[in-house]
Amino acid sequence: MNAARPFTISKQRVYEAFKAVKANAGAAGVDKQSIEDFEKSLKDNLYKIWNRLSSGTYFPPPVKAVAIPKRDGGQRILGVPTVADRVAQMIVRMEFEPNVEPIFLPDSYGYRPNRSALDAVGVTRERCWHQDWVLEFDVRKLFDNIDHGLLLKAVWKHTECKWVRLYVERWLKAPMQMPDGTLVQRTKGTPQGGVVSPVLANLFLHYAFDLWMGRTFPGVLWCRYADDGLVHCRTEQQAQAIKVALAARLSACGLALHR
């Protein structure tokens, strides 16, 4: 470590992050640079990312707002980072995710290594043979409404790495550029479409829901895939009671159940 570059980040890690971003494909961000364009000056582009991250001078550009249709007829707004920003986020994710992955509970399935929606369906189907009632819930606009203060408290709890803390906070504050070019400042949420957002969302719900369920309703089985979940109940009355308690819990965390 030196004064010019106080953070130690290996160049190999930067290259590994680029390979992961390339494998995931994805659209261009606000700079309109595609992965193919980024690759034309790969060495220089990766050096710039490494240099800025290592020196503490990396500031994320705005994310590009992209509306995609939902099944219910509404729209979901994705925040698409630039290719360079996706690489930077992947570097931080590679550093941070191994700290929290071991503490996540077995019944959390979304956006986790070696777990799929089909795994969640399989365990849920088997449990439905044993419990007659299910509370199915969806957290309303999870990625748009995550409380920054509560999230950063959780991030701080699970890493002492100064550059992970610094850049997560900067990404949370990065504005969103709307289709007409206007910039929208963000005071809550983490962009759905960001590379580091899924692990941050899982960390938030680990405390807001997963651990709370175990404390409040011990022995009650549940399954969660990101912002969608199921709770297996013995009776309709139990399901209704958990629904009321869950709504209150999410409200205390700045979230809400989808109606």
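Each chain carries its own residue numbering, running from 1 in the written order of its sequence. In keeping with the model being predicted, local features are shown solely for residues with a pLDDT of at least 70 and side-chain atom pairs are shown and tallied solely at 80 or more, while totals for entire chains, interfaces and linings include all residues. Excluding hydrogens and water, the side-chain figures rest on all heavy atoms present in the structure.

Draft legend 1. Looking closely at the packing of helix α4 (residues 83-100) against helix α9 (residues 197-216). For helices, the fitted axis covers only the stretch in contact; all axes are lines through C-alpha atoms, and the angles between them, taken along N-to-C directions, range from 0 to 180 degrees. Helix numbers and strand numbers start at the N terminus; a helix is a DSSP run of H or I with at least 4 residues, a strand a run of E with at least 2. Two numbers describe how α4 lies on α9: the axes approach to 10 Å, and their chain directions differ by 25°. Relative to α9, the element α4 lies roughly parallel. At the point where α4 passes α9, the crossing takes the left-handed sense. On α9, the residues touching Arg93, Phe96, Glu97 and Val100 of α4 are Pro198, Val199, Leu200 and Leu203. Taken together, the residues that form the contact of α4 with α9 break down as 6 nonpolar, no polar and 2 charged. By definition in this entry, angles of less than 35 degrees are roughly parallel, angles greater than 145 are roughly antiparallel, angles of 65 to 115 are roughly perpendicular, and the rest are oblique. Helix crossings fall into two classes, left-handed where the near helix is turned counterclockwise from the far one by less than a right angle and right-handed where it is turned clockwise. A contact between two residues is defined here by any heavy atoms of the two lying within 4.5 Å. In this classification, the charged set is Asp, Glu, Lys and Arg, the nonpolar set is Ala, Val, Leu, Ile, Met, Phe, Trp, Tyr, Cys and Pro, and all remaining amino acids, among them Gly, are polar.

Draft legend 2. Broad picture of the nonpolar core. Only buried residues count toward a nonpolar core, which is a set of Ala, Val, Leu, Ile, Met, Phe, Trp, Tyr and Cys residues joined through side-chain atoms within 4.5 Å. Only protein chains enter the accessibility calculation, which uses a 1.4 Å probe; a residue is then buried when its area is under 20% of its type maximum, exposed when over 50%, and partly exposed in between. If you look at the biggest cluster of nonpolar residues, it comprises 63 residues, and the most contacted ones within it are Val87, Ile91, Trp163, Leu200 and Val231. It is α9 that provides the largest number of residues to this core, a total of 10 residues. Not counting the four nearest positions on each side in its chain, Leu200 is found in contact with Phe96, Leu151, Val155, Val168, Leu172 and Thr190.

Draft legend 3. Geometry of the pattern of salt bridges. Basic side-chain nitrogens of Lys or Arg form a salt bridge, by our definition, when they fall within 4 Å of a carboxyl oxygen of Asp or Glu. With the rule as written, the count across this model stands at 9 salt bridges. Lys40 serves as the salt-bridge partner of Asp37, at 3.4 Å between the closest nitrogen and oxygen. Here Lys40 and Asp37 lie together in helix α2 (residues 35-40), a separation of 3 residues that amounts to about one turn. Given a relative accessible area of 67%, Lys40 falls into the exposed group. Salt-bridge contacts for Arg127 lead to Asp107; the nearest nitrogen and oxygen are separated by 3.1 Å. Within this pair, whereas Arg127 is found in helix α5 (residues 117-127), its partner Asp107 is found in the loop between α4 and α5, the two being separated by 20 residues in sequence.

Draft legend 4. The pairing of strand β7 (residues 228-233), seen in detail. A large share of β7 lies buried, amounting to 5 of its 6 residues. A pair of strands is treated as paired once DSSP finds two or more bridges between them. One ladder, built from 6 bridges, connects strand β3 (residues 133-138) with β7; its direction is antiparallel. Directly across from Leu135, in β7, lies its bridge partner Val231. Looking at chain direction, strand β6 (residues 222-225) and β7 are connected through 4 bridges and run antiparallel. For Trp222, the partnering residue across the bridge sits in β7 and is Val231. Here β6 folds back onto β7 in antiparallel fashion, the turn holding 2 residues, of which Ala226 has a positive phi close to 60°.

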